[in-house]
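Working through the structure, step by step
The lines below spell out each chain.
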Amino acid sequence: MTPDLFTPDCKFTPYWWDRVPRPGSDAKTLPERADVVVIGSGYTGLHAALQTARAGHDTLVVDAEDAGWGCSTRNGGQISTSVKPAFDVLARRHGEERARAILRDGQRSLAWVGEFVGAERIDCDFRVVGRFHAAHNATEFAGLARRVAGQPKGLEVATQVVPRAEQRAELGTDAYWGGVVFLQHASIDPARYHQGLLERVLAAGAHAVGRCEATGIEGGKDGYVVHTARGTVRARDVVVATNGYTGRLTPWLRRRVIPIGSYMIATEPLPEALMARLMPKDRIVSDTRKVVFYYRASPDGRRILFGGRVSTNETDPRVSGPRLHAEMVKLFPETAAVRVSHSWCGFVAYTFDELMHIGRHDGIHYAMGYCGSGVGMASYLGMRLGLQVLGRKEGATALDGLAFQTRPFYTGRPWFLAPSVRFYQWRDRQGT
Ligand SMILES: Cc1cc2nc3c(=O)[nH]c(=O)nc-3n(C[C@H](O)[C@H](O)[C@H](O)COP(=O)(O)OP(=O)(O)OC[C@H]3O[C@@H](n4cnc5c(N)ncnc54)[C@H](O)[C@@H]3O)c2cc1C
């Protein structure tokens, strides 16, 4: 590891936290009762809370850490249509009609975030910049081009195929074999978005209490008692919105999500001319590797924010930082001398069918499992979940009622993760 790879004041917290003051320790005492208790204060929890609070229901949001401490203020700020499985895979599993509806919900989630931040006037650098999805080998490029040409009827999205010879117009590297631009995909400052959302939830009359881990849920159809680090609260409805941080509180859910660390760095500011060469169109970028790298410019256009997974087991941002830097330099040799100013990580939640899930178990509402693409979907499903708590038919989604699978002997510790990552990294290297 190169010690001076980090700037002297390098922070091991998200770059985004510099731009939004983090809420401090909250000494608030808990109310004795609430209509709705929401556990987890990321996009899922807050969007659910916004719906219930605006409908006049007494709503309490608790988080084990400060509000928004989880992925919702740590992510890459890339907004896509979120649904990973392709149409034919979904159609095989769930029938054509359901497959279409699921993919439409994904498309809707992308558009909906833009509509939401616009209507609420949340100042969070939301921009429809388009995603350059880069092919890491020739076979992947051919596959991408084929899929774009054969998009299922009625589900077509605006795309532009970019052959390798024209790639430099999108991205300052020759390391890829061309790619596809998804023109509607967007970028956002995730923490400013979260902060704006939190302010609206509080303005709607909800309470948010940080450093208040929920430790137990008791009860049934006549209501619940939620035990927390700060006392107990009675609630008519409970929403669990803990995604990659789902733990002992909800063993049934814990057996259904696979927590996986995702790692990011921010560089120190780069010269303007270099940024213009590397990211000429300010696109968000991802690649076709199974163990994907994703990156973009910071909203002020000065830095590269580079993310991915660079270890088989979970590791420390002091270790992942130099490895991510090395991957960035492979793509952009001109950044070899550029230092890292921030290195951080967070836990996303994968699922066994690569779909996000929304529903009720033992009467408790939940939405989670965004498989690393949750800015759009966590927002959208959180909103729908809030409507479901209110019993409104607009809360319906295409994901309702899908079986939330687990596997025998899986209790929430993904022992299979390291060998799987090793295998996928090996496979990603084939044909490059
Ligand atoms: C490094 C990184 C990059 C990413 N990049 C992107 C991207 O570019 N685009 C994209 O779409 N998605 C991205 N994601 C994923 C996205 O951020 C998440 O899918 C999304 O934020 C999930 O929101 P959430 O509200 O469900 O969960 P979170 O925001 O993770 O919130 C869950 C909260 O639950 C709390 N909690 C857990 N247990 C308890 C308990 N017992 N009591 C009280 N509170 C509890 C936690 O403290 C946490 O604050 C990224 C994630 C990471 C980590």
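Presented here is an overview of the structure given in this document.

What counts as what
Residues numbered from 1 in each chain as written. Predicted model: local features only at pLDDT ≥ 70, side-chain atom pairs only at ≥ 80, totals over all residues. Heavy atoms only, no water. Core = buried A, V, L, I, M, F, W, Y, C linked by side-chain atoms within 4.5 Å. Buried < 20%, exposed > 50% of the residue type's maximum accessible area, 1.4 Å probe, protein only. Helix = DSSP H or I, 4+ residues; strand = E, 2+ residues; numbered from the N terminus. Contact = heavy atoms within 4.5 Å. Salt bridge = Lys/Arg side-chain N within 4 Å of Asp/Glu carboxyl O. Near = heavy atom within 4 Å. Polar contact = N/O pair within 3.5 Å; in protein donor to acceptor, adjacent residues only side chain to side chain. Areas by Shrake-Rupley, 256 points an atom, 1.4 Å probe, with all protein chains shown as cover. Nonpolar A, V, L, I, M, F, W, Y, C, P; charged D, E, K, R; others polar. Axes fitted to C-alpha atoms, helices over the stretch in contact; angles between N-to-C directions. Left-handed = near helix turned anticlockwise from the far one by under 90°.

With respect to the nonpolar core
Of all hydrophobic cores here, the largest spans 52 residues; its most connected members are Tyr 193, Leu 381 and Leu 399. Contributions of two or more residues to this core are made by strand S2 (33-39), helix H2 (43-54), helix H3 (87-94), helix H4 (96-119), helix H6 (190-203) and helix H10 (375-389). Considering each element in turn, this core owes the most residues, nine residues, to H10. Beyond its immediate stretch of four places on either side in the chain, Leu 381 contacts Met 356, Ile 358, Ala 367, Tyr 370, Thr 397 and Leu 399. Counting residues in hydrophobic clusters, the runner-up holds 30 residues, among them Ala 134, Met 275, Met 279 and Leu 324.

Side note on the pattern of salt bridges
Counted according to the given criterion, the structure contains 24 salt bridges. Note that Glu 120 and Arg 200 form a salt bridge whose closest N and O atoms lie 3.6 Å from each other. On the criterion of sequence distance, the pair formed by Glu 120 in the loop between H4 and strand S5 (131-134) and Arg 200 in helix H6 is long-range, its members being 80 residues apart. Each member of the pair, Glu 120 as well as Arg 200, carries the same accessibility label: buried. Via salt bridges that share partners, Arg 19, Asp 123, Asp 125, Arg 127, Asp 189, Arg 192 and Asp 282 belong to a single interconnected network.

A look at the site of the ligand
Taken together, 35 residues form the shell around the ligand, and within it Thr 44, Asp 63, Ser 72, Gln 78 and Val 375 come nearest. The contact in question runs from a nitrogen atom of the ligand to an N or O atom on the backbone of Gly 76, over 2.9 Å. Alone, the ligand offers 1000 Å² of accessible surface; in the complex the protein occludes 96% of this. Secondary structure elements with two or more residues in the shell around the ligand: H2, strand S13 (258-267), strand S17 (340-350) and H10. Here the shell around the ligand is composed, by residue class, of 16 nonpolar, 16 polar and three charged.

Let's talk about the packing of H2 against H10
Relative to each other, H2 and H10 sit at 35°, their axes nearing to 7 Å. Considering only the axes of H2 and H10, their crossing is right-handed. Mapping the contact onto sequence places Tyr 43, Thr 44, His 47, Ala 48, Gln 51 and Thr 52 in H2 and Val 375, Ala 378, Ser 379, Gly 382, Met 383, Gly 386, Leu 387 and Val 389 in H10. Here the residues of the contact of H2 with H10 are counted per class, giving seven nonpolar, seven polar and no charged.

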